[in-house]
Amino acid sequence: MKKSFIIIAFSLLLALVVTACGKAENQAASQAGKKSDESKNLLEQIKADGTIKIGTEGTYAPFTYHDASGKLTGFDIEIAEEVVKRLGVKAEFVETPWDGIFAGLDSKRFDIIASQVGIRPDRQEKYDFSEPTNVSKPYLIVNKDNDTIKTFEDLKGKKSAQSLTSIFKEMAASNGAEIVSVEGFNQAIDLLISKRVDATINDGLSYLDFKKQQPDAPLKVAAELDEPTQMGIMFRKENKELVEAVNKALSDMKKDGTYLSISQKYFETDVSK
């Protein structure tokens, strides 16, 4: 009886040792795999996963919006899809309100942003950008009944509807406007039509597309800047391999006519210059 008890106890001890060794080996393998993943640059990780996550607004026609069928589409979407196809992976779009989109990139909810991000020095200090995907002039838009705002300087003391992290908000603030926070272009236009704000500075191409869709909307352009704003795809810093791959894809698209085809589809002109 005593001998049987010893054999059983030894067997249990041996099983515990084997289990512990197995767990240690699994943990070591998991840590080794994690270190291996961390050693890859972002482009390599994306290719290994087969998918790139793209942050986009989804409410900013004609760049990133939903068509009548509910499909996410637009100039930025088609440019991004073509770039991704040339990288040999699939695109996964993550729709995010504009004022939270930079934080989404910072927290790695997605790998890049394709949503009409203006290329400007303060952003370049923290982020990298592709070569410009398009250029557009900022428009100062007012209600058709407004005869007091005719220049950007006339914004002083007036209410201007702007996304807080947009380049247009900085323009409005620098001209003395009182900023009314909005989530995007559509909300700014709604406030302007209902006269709850005096103006908005926004993308000229978006405004022209809006007026094409709603020609009777009671809005007008009070002024526009002669110097166009350059827009680009945005990346977290230290991902030069991915930036270079995206730039090569954009360059190839312009050389083979694919870029022009997408541009003409949405704007009937070449918006790269």
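Numbers given to residues run from 1 along each chain, matching the order in which its sequence is written. pLDDT decides what is reported in this predicted model: residues at 70 or higher carry local features, side-chain atom pairs at 80 or more are listed and counted, and totals for whole chains, interfaces and linings draw on all residues regardless. Note: side-chain values were computed over all heavy atoms of the structure, leaving out hydrogens and water.

### Digging into the overall build of the protein
- In terms of helices and strands, the protein carries 10 helices and 13 strands.
- Remark: exposure states derive from per-residue accessible area (1.4 Å probe, protein chains only) relative to the maximum for the residue type, with buried under 20%, exposed over 50%, and partly exposed in between. For the protein, the residues scored as buried account for 44% of the 273 residues in total.
- Whether two residues are in contact is decided by their heavy atoms: any pair within 4.5 Å suffices. Once local pairs closer than 6 in sequence are excluded, the contacts in the protein between residues at least 24 apart make up 69%. We count a stretch as a helix when DSSP gives it H or I for four or more residues in a row; a strand needs E for two or more, and each element gets its number in order from the N terminus.

### Quick look at the pattern of salt bridges
- Each salt bridge in this description consists of a side-chain nitrogen of Lys or Arg and a carboxyl oxygen of Asp or Glu lying within 4 Å of one another. Within the structure shown, the criterion is met by 12 salt bridges.
- The salt bridge involving arginine 86 is made with glutamate 82; its shortest N-O contact spans 2.8 Å. Of this pair, arginine 86 and glutamate 82 both sit in helix α3 (residues 75-87), 4 residues apart, which is roughly one turn of the helix.
- In this structure arginine 86 comes out as partly exposed when scored by relative accessible area, which is 32%.
- Where aspartate 147 meets lysine 220, a salt bridge forms, and the shortest distance between an N and an O atom there is 3.3 Å.

### Quick look at the nonpolar core
- To qualify as a nonpolar core, a set must consist of buried Ala, Val, Leu, Ile, Met, Phe, Trp, Tyr and Cys residues joined through side-chain atoms within 4.5 Å. Phe75 and Leu242 are the most contacted members of the largest nonpolar core, which has 59 residues in total.
- The element that contributes the greatest number of residues to this core is helix α9 (residues 240-256), accounting for 7 residues.
- Once residues within four sequence positions are removed from consideration, phenylalanine 75 is found in contact with Pro62, Phe63, Thr133, Asn134, Tyr259, Ile262, Ser263, Tyr266, Phe267 and Val271.
- Ile101, Phe110, Ile113 and Tyr127 belong to the second-largest nonpolar core, a separate cluster that totals 12 residues.

### Regarding the pairing of strand β1 (residues 51-56)
- Strands are labelled as partners when DSSP assigns at least two bridges between them. Bridge analysis of β1 against strand β4 (residues 90-95) gives 6 bridges, and the strand direction is parallel. Across the sheet, the residue bridging to threonine 51 is lysine 90, located in β4.
- Bridge analysis of β1 against strand β5 (residues 112-118) gives 2 bridges, and the strand direction is parallel. Residue glycine 55 lies in a different strand from β5, and its bridge partner there is isoleucine 113.

### Structural notes on the packing of aromatic side chains
- We call Phe, Tyr and Trp rings a pair once their centres come within 6.5 Å, taking the six-membered ring for Trp, and we label the pair stacked below 30 degrees between planes, edge-to-face above 60, and tilted otherwise. Taken as a whole, this structure holds 11 aromatic pairs when the rule is applied.
- A ring pair is formed by phenylalanine 63 and phenylalanine 75, whose centres lie 6.2 Å apart and whose planes are at 80°; its orientation type is edge-to-face. On the criterion of sequence distance, the pair formed by phenylalanine 63 in the loop between β1 and β2 (65-66) and phenylalanine 75 in helix α3 is long-range, its members being 12 residues apart. The two residues phenylalanine 63 and phenylalanine 75 agree in class, both being buried.
- Cluster of aromatic residues (ring-pair linked, three or more members): Tyr60, Phe63, Phe75, Phe185, Phe210, Tyr259, Tyr266 and Phe267.
- Either the NZ atom of lysine or the CZ atom of arginine qualifies as a charge over a ring when it sits within 6 Å of the ring centre and within 35 degrees of the ring normal. Over the ring of tyrosine 259 we find lysine 254; its NZ or CZ atom is 5.3 Å from the centre of that ring.

### Overview of the packing of α3 against helix α10 (residues 258-267)
- The axes used here are C-alpha line fits, helices contributing only the stretch in contact, and every angle between their N-to-C directions lies in the interval 0 to 180 degrees. Between α3 and α10, whose axes approach to 10 Å, the crossing angle comes to 160°. Our classification of the angle between α3 and α10 gives roughly antiparallel. Judged by the twist between their axes, the crossing of α3 over α10 is right-handed. Together, Phe75, Glu78, Ile79, Glu82 and Arg86 of α3 and Thr258, Tyr259, Ile262, Ser263, Lys265, Tyr266 and Phe267 of α10 make up the contact between the two elements.
- Looking at the contact of α3 with α10 residue by residue, the class counts come to 6 nonpolar, 2 polar and 4 charged. When an angle is under 35 degrees it counts as roughly parallel; over 145 it counts as roughly antiparallel; between 65 and 115 it counts as roughly perpendicular; any other value is oblique. Handedness of a helix crossing follows the sense of rotation of the near helix relative to the far helix, less than a right angle counterclockwise being left-handed and clockwise being right-handed. The residue classification treats Ala, Val, Leu, Ile, Met, Phe, Trp, Tyr, Cys and Pro as nonpolar and Asp, Glu, Lys and Arg as charged. All others, Gly included, are polar.

### Some words on helix α8 (residues 204-213)
- The element α8 is extensively covered by neighbouring structure, given that 7 of its 10 residues are classed as buried.
- Within α8 the residues assigned to the buried category are Gly204, Leu205, Ser206, Tyr207, Asp209, Phe210 and Lys211.
- Contacts made by the buried residues of α8 are with β7 (134-136), β8 (138-143), α7 (185-193), β11 (199-203), β12 (219-224) and α10.

Scope: geometric values only; no functional claims are made or implied.
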